[in-house]
Amino acid sequence: MDRVGIGWRPELAASIFSNLENIDVVEVVADDYFRAPKHKIQALKTLRSQVSVVLHGVSLGPASCISIDRGRLGKLADLVATVQPEFWSEHLAFVRAGGVEIGHLAAPPRTSDSINGAVENIRVMEEVVGLPPLLENIATLIEPPASTLNEATWITKILEQSDKPMLLDLHNLYANALNFGYRPQDLLLSMPLHRVSAVHISGGRWISEPAEISSDQRLLDDHVHDVPADVYELLKLLAQNVSRPLTVILERDGNYPSFSQILLQLDLARSALREGRMEQEKTRVAA
Amino acid sequence: MSSIDVETFLARLYTDRNALDHFLSDPIRVLNSYPLAEEEKELLLRLDRSGLVLAFNSFAKKRETLQRRKKGKSFWQRMRPRANSA
């Protein structure tokens with residue numbers, strides 16, 4: 001059965017607890033708990049006793065020719081063992097190289113080398129954590145330099161060779177499509193949709209390119225705006241094209257609207273899923 | 001050919017303002033100072049310059065936010081009732 005939930009944010013804590021009947025699952029950023037005191041971990045376990053909890057890592061950066069940081073991986077493994085989430089996820093990104101921490105998720109060159117690096121890192125991640133991760137596509141403001149493969153081919157090869165499920169971030173896909181000249185629907189349909197079991201939805205805003213280089217704009221996936229209608233349409237298209245149940249998580253990192261507005265966005269996601277499933281059923285019956 | 005060298009080069013461009021400015025003003029000289037294969041240099045010369053500047057700014061802002069959060073109050077500190085509140 002499809003489910004809809006939200007990313008855990010301290011600013012939304014009270015509202016989330018008061019509205020659990022409208023929230024099927026809560027996604028927690030794992031890194032926020034790597035050095036957490038006991039009472040904070042206990043609070044997380046309390047949350048898990050009331051709603052499904054999934055963990056989302058943001059600092060391993062497995063899509064890299066460089067081996068992942070074993071210290072951080074160990075902390076994540078400990079957290080997974082303590083909290084026992086339903087699943088955990090990380091990003092197809094690199095986050096550090098040559099002793100430099102980028103500070104966020106960066107798209108590596110999409111090459112056979114980064115595919116091989118990613119597959120090996122993902123193998124280690126599963127071995128240490130004891131639970132296979134879902135892998136998420138990222139948004140990138142820069143067309144990944146020194147790439148020889150397109151995004152869909154690169155992601156498909158990593159997931160096939162590691163045999164892992166995908167967390168498909170629809171706003172990331174939407175932003176990359178618009179920023180680099182693809183139709184979002186075409187990019188969606190070129191992804192390995194049979195591997196998608198979880199979805200992120202969020203919003204963003206248009207930013208200007210450097211004036212000395214271009215007068216164009218690019219879409220920034222900033223997580224502080226409402227989900228645009230086009231992303232709900234992509235969610236409907238996804239639901240129309242996958243058979244397995246989907247877990248959809250709304251990501252909102254700031255500029256919080258009223259919680260009723262947030263709940264409305266969860267309901268819009270439910271509607272999109274329903275419509276997509278109905279379209280799938282119509283197609284199946286007509287065949 | 002080492003993709004680790006390419007990632008190292010990119011990480012530097014994404015985080016070091018001087019490295020970014022030097023690359024934008026004289027990419028060939030900068031690329032020649034890194035242990036990169038010729039085909040890597042050729043690909044990097046065609047790099048998306050606009051996106052590079054946007055990515056640099058975005059990563060810098062993220063690092064600033066992370067630093068502020070590390071110095072800021074924890075969840076429990078924010079939830080603690082203030083003195084004289086209703």
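Residues numbered from 1 in each chain as written. Chains lettered and ligands numbered in written order. Predicted model: local features only at pLDDT ≥ 70, side-chain atom pairs only at ≥ 80, totals over all residues. Heavy atoms only, no water.

J.: Can you lay out the overall build of chain B for me, pointing to particular residues and giving the numbers?
T.: Helix and strand counts for chain B stand at six helices and zero strands. N-terminal to C-terminal, the α/β element order of chain B is α-α-α-α-α-α. When the 86 residues of chain B are sorted by exposure, 38% land in the buried category. Pairs at least 24 residues apart make up 62% of the contacts formed inside chain B by residues separated by at least 6 positions. Surface accessibility of chain B: about 5500 Å² in total, with carbon and sulfur atoms responsible for 51%. (Helix = DSSP H or I, 4+ residues; strand = E, 2+ residues; numbered from the N terminus. Buried < 20%, exposed > 50% of the residue type's maximum accessible area, 1.4 Å probe, protein only. Contact = heavy atoms within 4.5 Å. Areas by Shrake-Rupley, 256 points an atom, 1.4 Å probe, with all protein chains shown as cover.)

J.: Report on the overall build of chain A, specifying residues and quantitative values.
T.: Looking only at helices and strands, chain A has nine helices and twelve strands in total. Expected size for 287 residues packed as a compact globule is a radius of gyration near 19 Å; at 19 Å, chain A falls within 12% of this value. Viewed in the frame of its principal axes, chain A has a C-alpha envelope of about 50 × 50 × 45 Å. Counting across all 287 residues of chain A, residues that qualify as buried make up 57%. At a minimum sequence separation of 6, the contacts of chain A that also span at least 24 residues come to 78%. (Rg over C-alpha atoms; globule rule 2.2 N^0.38 Å.)

J.: Go over the sheet that holds strand S4 (residues 88-91) of chain A, please, and point to the residues and values.
T.: Residues and elements named next belong to chain A. Spatial strand order, S1-S2-S3-S4-S7-S8-S9-S12: eight strands in a closed barrel with parallel pairing. Looking at each pair of strands side by side, their axes are set apart by 30 degrees on average, direction ignored. Where S4 meets strand S7 (residues 133-136), four bridges bridge the pair, whose relative direction is parallel. Residue Trp88 lies in a different strand from S7, and its bridge partner there is Pro133. Those strands touched by helix H6 (residues 170-179) are S7, strand S8 (166-169) and strand S9 (196-201), and its axis lies near 55 degrees from that of S8. Sitting on the sheet, helix H8 (residues 229-241) touches S8, S9 and strand S12 (247-250), and the angle it makes with S9 is about 170 degrees. (Pairing = 2+ DSSP bridges. Axes fitted to C-alpha atoms, helices over the stretch in contact; angles between N-to-C directions.)

J.: Outline the interface of chain B and chain A, listing residues and values.
T.: In this assembly, 30 residues from chain B lie in contact with 40 residues from chain A. Contact between chain B and chain A buries roughly 2900 Å² in total, counting both sides, with carbon and sulfur atoms accounting for 70%. There are one salt bridge connecting chain B and chain A. Two residues, A:Arg218 and B:Asp48, come together in a salt bridge whose shortest N-O distance is 2.7 Å. Linking chain B with chain A are seven residue pairs in polar contact (both at pLDDT 80 or more). Among the elements of the structure, helix H1 (3-15), helix H4 (38-45), helix H5 (49-71) and helix H6 (75-79) of chain B are those that each provide at least two residues to the side of chain B that touches chain A. Element by element, the count of residues in the side of chain B that touches chain A is highest for H5(B), at 14 residues. Within the side of chain B that touches chain A, the residues separate by chemical class into 16 nonpolar, six polar and eight charged. (Buried area = accessible area lost by both parts, 1.4 Å probe. Salt bridge = Lys/Arg side-chain N within 4 Å of Asp/Glu carboxyl O. Polar contact = N/O pair within 3.5 Å; in protein donor to acceptor, adjacent residues only side chain to side chain. Nonpolar A, V, L, I, M, F, W, Y, C, P; charged D, E, K, R; others polar.)

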